[in-house]
Amino acid sequence: MAKVAKKQRAQAGMAAAVGIFTKAEAAKQVADGVRHVHCSELGTRDPIYVATLAAADKVAPPRYLWEPSLKTTEIVVTHSVDRHEIFDQLISKSAVEVKRQLREKVGMVLEELLSNAIFHAFHTDGKEKYSRSADVSLNSNEAVKVRFAATEDGCFLEVSDTGGTLGFESVAESLKRCYQSDAQIQSKESGAGLGIYMVFETVSHLKIVNEPNKKTVISCWIADRRSENPKSFSFNYFGGKGK
Amino acid sequence: MINDRFKIDIATEGGVQKVFLRGNIDEDADFESIKKITGTIVINFKDVKSINSCGIRTWVNFLKEITGRQVVYEECPPIIVRQMNMVPSFLGTAKVTSVYVPYVSDETDEEKLVLFGADKFTAAGFTLPDTINGDDGEMELDGNPQQYFAFTKKMAA
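In short, a report on the structure.

What counts and how
Residues numbered from 1 in each chain as written. Chains lettered and ligands numbered in written order. Predicted model: local features only at pLDDT ≥ 70, side-chain atom pairs only at ≥ 80, totals over all residues. Pairing = 2+ DSSP bridges. Helix = DSSP H or I, 4+ residues; strand = E, 2+ residues; numbered from the N terminus. Axes fitted to C-alpha atoms, helices over the stretch in contact; angles between N-to-C directions. Expected span 1.5 Å × (residues − 1). Buried ≥ 20, exposed ≤ 12 C-beta atoms within 10 Å, placed from the backbone. Arc of directions from axis to C-beta. Contact = placed C-beta atoms within 7 Å. Core = buried A, V, L, I, M, F, W, Y, C linked by C-beta atoms within 7 Å. Parallel < 35°, antiparallel > 145°, perpendicular 65-115°, else oblique. Nonpolar A, V, L, I, M, F, W, Y, C, P; charged D, E, K, R; others polar.

**Overview of the sheet that holds strand 4 (residues 71-74) of chain B**
Read across the open sheet, the 5 strands follow the order 1-2-3-4-5 (chain B); overall the sheet is mixed. Of all the strands in the sheet, just strand 1 (6-13) and strand 5 (95-96) of chain B have a single pairing partner and so form its edges.

Written out as structure tokens, the structure reads:
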């Protein structure tokens, strides 16, 4: 049982929790409807938590300390088959050598976020427009954007789609199923339903911004082993309902 | 559709038929050819480069189809160990006989995967060296061994 110094608050409709959580405990908070979960030994003094609260009455979500202010490498993806090559392209452009363990984690997170963006973000008549069983060519207004930056401390990764269908309820349901039930894997859906869980489990900081039917931007920080702190984790969801 | 990103080789080693999975396991991976093996199914994961969520589902569904057969996982790289820890049904009732453990040197950035047999990791604990000798000095275990070997708690005895 983790030592929990939890503070729940509702500020301008913002449900936030701060304390020391395991990933499973953080996921339970999200499953219970908390959109901002901050695991930090600094408690309410944690800068990410402070920035989150400060943004409560603002229109735009905050830019967190882990989000790079410097130039990132950007790639636009319009074909599903191209997603397999994207990671190598990003890594080849990086000035910093990314170690194998970190490289594998970033590659996995990128694959899950890209697959979600390509195959599950676009809906027609309430159903997913594209199938995983076929090669997909996105329309020009559906292009998926990837941003990446590597540092000595870890990697920043961001995937944006123009579907805007990743609602909070969907994220919460996914985490609840994967952490709290034996039925982790969806058998009847086109996706396995594990993607968000695998990303949540792997990254140190995760931010989802959803503008319904306009865009979803998922940004994350994957810490290098040397700077990884299991007691430093954040999840922040901004936006309205998706599908 | 030809899947040039994933390949299965079946070879006999020491009188035992082994299945070598190579490449990227995703929704297009087909494990049907493994079913023709008789007796214990030994899966060698050494050359698996990546696995995504749909690949995990495909593998878990395959395991369901061979329920009752004895399955052994060997030479599991970190990418497979992570899945065994995250998605318990990926391991199922399989017995793990060896895994690669990552070591790294902060001084030289050297990285090495070292293969350890099951005598080094059981549900009761693990006995791994904290450091090993690299090409240019000492290397330390890359990661938290408690987390890395969490799957042993779910492993069938």
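**Some words on the sheet that holds strand 7 (residues 111-117) of chain B**
All names here are of chain B. Ordered in space as 7-6-11-10, the 4 strands form an open sheet in which the pairing is antiparallel. In the strand order of this sheet, the two ends are held by strand 7 and strand 10 (131-134), each with one partner. Going from strand to strand, the sheet's axes swing by 40 degrees on average, the running direction of each strand aside.

**Describing helix 5 (residues 168-180) of chain A**
All names here are of chain A. Here helix 5 is 13 residues long and its end C-alpha atoms lie 17 Å apart, about the 18 Å a rise of 1.5 Å per residue gives. Every buried residue of helix 5 is listed here: V171, A172, S174, L175, C178 and Y179. Viewed end-on, helix 5 has its buried residues packed into an arc of 160 degrees, placing them on one side of the element. Contact partners of the buried residues in helix 5: helix 1 (23-31), helix 6 (195-202), strand 9 (205-211) and strand 11 (233-239).

**Here we look at the pairing of strand 11 of chain A**
Within a regular strand, side chains alternate between the sheet's two faces. All names here are of chain A. Among the 7 residues that make up strand 11, 6 are buried, leaving the element largely enclosed by the rest of the structure. Examined bridge by bridge, strand 3 (residues 36-39) and strand 11 share 4 bridges and lie antiparallel to one another. Bridging across to strand 11, V37 finds its partner in F235. Relative to strand 11, strand 9 runs parallel, the two being bridged by 6 bridges. Following the sheet pairing, I208 is matched in strand 11 by Y237.

**Notes on the nonpolar core**
All names here are of chain A. Residues V109, C155, L175 and I222 are the most contacted members of the largest nonpolar core, which totals 102 residues. In terms of residue count, helix 4 (residues 100-120) provides more of this core than any other element does, 10 residues in total. Excluding residues that lie within four positions of it along the chain, V109 makes contacts with L157, V199, T202, V203, C220 and I222.

**Re the packing of helix 5 of chain A against helix 6 of chain A**
Residue and element names in this part refer to chain A. Two numbers describe how helix 5 lies on helix 6: the axes approach to 8 Å, and their chain directions differ by 80 degrees. Relative to helix 6, the element helix 5 lies roughly perpendicular. Taken together, the residues of helix 6 that come into contact with helix 5 (itself represented by V171, S174, L175 and C178) are I196, Y197 and F200. Residues that form the contact of helix 5 with helix 6 fall into these classes: 6 nonpolar, 1 polar and no charged.

Remember that the coordinates give geometry; whether it matters functionally is a separate question.
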